Amino acid sequence: MTREIPLSAPWIDGREEELVVETLRSGRLSLGPMVDRFEAAFAEQVGAPCVAAVSSGTAGLHLCMRLAGIGPGDEVVTTPFSFVASANCVLYEGATPVFADVDPGTLNLDPAAVEAAVTPKTKAILAVHIFGYAAELRELEAIAERHGLAIVEDACEALGAEYRGRPVGSSGHPAVFAFYPNKQMTTGEGGAVAVATEEEWALLKSLSNQGRSDSGEWLTHARLGYNYRLDDLSAALGLAQLERLDEILAARVEVAARYGELLASLAGVEAPLPDDEEHRRSWFVYVVRLAPGIDRNGVMARLAAEGVASKPYLPSIHLQPYYRERFGYREGTLPVSEDASARSLALPFHARLPAEDQERVVDALRRALT
Ligand SMILES: *Cc1c(COP(=O)(O)O)cnc(C)c1O
């Protein structure tokens, strides 16, 4: 049987082992110095004044809803073409996600659709930088300003991406990053929120630590909080990954470029949108779009038979069973997102995917399409 080529894999090296073991031996496994070091290094990486580490990207998104004051009766305009967490966080606070359709090229929120979705109840825009390609922040900011809305960025797939020459995370809006093992860098589970002010940072730290006040009293709880802390073992792993992030991101660029070359001659397969002056993608996944009419399930089955993992990526959130049931969504509501969901296919992609494996993937795909 041929060796299976997985969809993703983290890149863990000696430095990760070193820092994790050092932390284990220190005995400071939570609320210790590694989290502080990780937050400082991450802030520097994304060009943000302050960063609060949290236990997951989802936890970070939830806290950003609290930060923006989102509550029952409020609406948050967001994208249907994302991982489900970017809409669920709105529901956690009793508010309603209102989906605006995406641009067929970038697969990010279409500003015109966002404008059309704003109502008197709208309180915020939650933009997702999908597949590591920055959303149209300038246009979204103009809309937010006109209507007095907050902006929250889901940057969970976009560590290392740039928008108009600046790193994603440095815009001044709260931006959430995630470190599940398939992301650009990992802490096992984990996340981080980049913010512009120390006040926002202090509130995030309190909310993620059971609502404790900064008086330092362990059993004084000033607000409704959560246990969304990142532990020090995870932070140590993250710190080692951050030290090597440039190397990891560069390797991903190379793997993506090689796919681009290999796929160029393959009819019926559309590669991801290339960079332009305003957008520099950070490669999170390698998602191609199959031409209309191609039987995606058949292609996936044939790839699987050759030991090549692949996945439809991503299903539109509004058509998830929970959202259909709760809000009555049906096919045809958000046609651009639905079309992308129906035709997209994630291929195996990670920093150390060997060139031979990429050739195997593309050869298998060629056979699957004929
Ligand atoms: C990964 C991801 C999240 C959630 O991150 P977790 O750390 O798994 O909670 C949220 N939004 C997007 C777009 C993601 O890709």
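Computed from a prediction, not measured in an experiment: that's the story for all the values here. (Residues numbered from 1 in each chain as written. Predicted model: local features only at pLDDT ≥ 70, side-chain atom pairs only at ≥ 80, totals over all residues. Heavy atoms only, no water.)

So, the side chain of Ser-344
Item 1. The topology assignment puts Ser-344 in strand E14 (residues 344–347).
Item 2. The class of Ser-344 is buried, set by a relative accessible area of 1%.
Item 3. Other than its neighbours up to four places away in sequence, Ser-344 contacts Val-287, Val-288, Arg-289, Arg-296, Lys-311, Pro-312, Tyr-313 and Leu-314. (Helix = DSSP H or I, 4+ residues; strand = E, 2+ residues; numbered from the N terminus. Buried < 20%, exposed > 50% of the residue type's maximum accessible area, 1.4 Å probe, protein only. Contact = heavy atoms within 4.5 Å.)

Overview of the domain arrangement of the protein chain
Item 1. Domains assigned within the protein chain are domain 1 (14–243) and domain 2 (245–369).
Item 2. At the interface, 44 residues of domain 1 touch 36 residues of domain 2.
Item 3. Of the roughly 3400 Å² buried at the junction of domain 1 and domain 2 (both faces included), carbon and sulfur atoms supply 59%.
Item 4. Of all residues in domain 1, Phe-131, Tyr-133 and Gln-184 bury the most surface against domain 2, accounting for 23% of the area lost on that side.
Item 5. Taken together, the links from domain 1 to domain 2 amount to 3 salt bridges.
Item 6. The shortest N-O distance in the salt bridge between Arg-138 and Glu-278 comes to 2.8 Å.
Item 7. The tally of links between domain 1 and domain 2 comes to 17 residue pairs in polar contact (both at pLDDT 80 or more).
Item 8. At the level of elements, helix H4 (85–92), strand E3 (96–99), strand E6 (162–163) and helix H8 (232–243) are the ones that each hand at least two residues to the side of domain 1 that touches domain 2.
Item 9. Considering every element that reaches the side of domain 1 that touches domain 2, the biggest residue donor is H4, with 4 residues.
Item 10. Residues belonging to the side of domain 1 that touches domain 2 are distributed by class as follows: 22 nonpolar, 13 polar and 9 charged. (Domains from an automatic or database assignment. Buried area = accessible area lost by both parts, 1.4 Å probe. Salt bridge = Lys/Arg side-chain N within 4 Å of Asp/Glu carboxyl O. Polar contact = N/O pair within 3.5 Å; in protein donor to acceptor, adjacent residues only side chain to side chain. Nonpolar A, V, L, I, M, F, W, Y, C, P; charged D, E, K, R; others polar.)

Regarding the site of the ligand
Item 1. Around the ligand lies a shell of 14 residues, among which Gly-57, Thr-58, Asp-154, Glu-157 and Lys-183 are the nearest.
Item 2. For the ligand, a nitrogen atom lies 2.7 Å from a polar atom in the side chain of Asp-154.
Item 3. Between Glu-157 and the ligand, the recorded distance is 2.6 Å, taken from a side-chain N or O atom to an oxygen atom.
Item 4. Summarising the interface, the protein chains cover 92% of the accessible area of the ligand, which totals 380 Å² for the free molecule.
Item 5. When residues of the shell around the ligand are assigned to their parent elements, the largest contribution, 3 residues, is made by helix H3 (residues 57–67).
Item 6. Across the shell around the ligand, the residue classes tally to 6 nonpolar, 5 polar and 3 charged. (Near = heavy atom within 4 Å. Areas by Shrake-Rupley, 256 points an atom, 1.4 Å probe, with all protein chains shown as cover.)

Some words on H3
Item 1. When you tally the buried positions in H3, you get 9 out of 11 residues, the bulk of the element.
Item 2. Buried residues of H3: Gly-57, Ala-59, Gly-60, Leu-61, His-62, Leu-63, Cys-64, Met-65 and Leu-67, and no others.
Item 3. In this structure Ser-56 caps H3, since a side-chain oxygen of it lies 3.4 Å from the backbone nitrogen of Thr-58.
Item 4. Just downstream of H3, Gly-69 is the residue with a positive phi angle, here 70 degrees.

Some remarks on the environment of Ile-248
Item 1. By the element assignment, Ile-248 lies in helix H9 (residues 245–263).
Item 2. Under the relative-accessibility criterion, Ile-248 is labelled buried at 2%.
Item 3. Distance in space between the C-alpha atoms of Ile-248 and Met-185 is 7.9 Å, their sequence separation being 63 residues.

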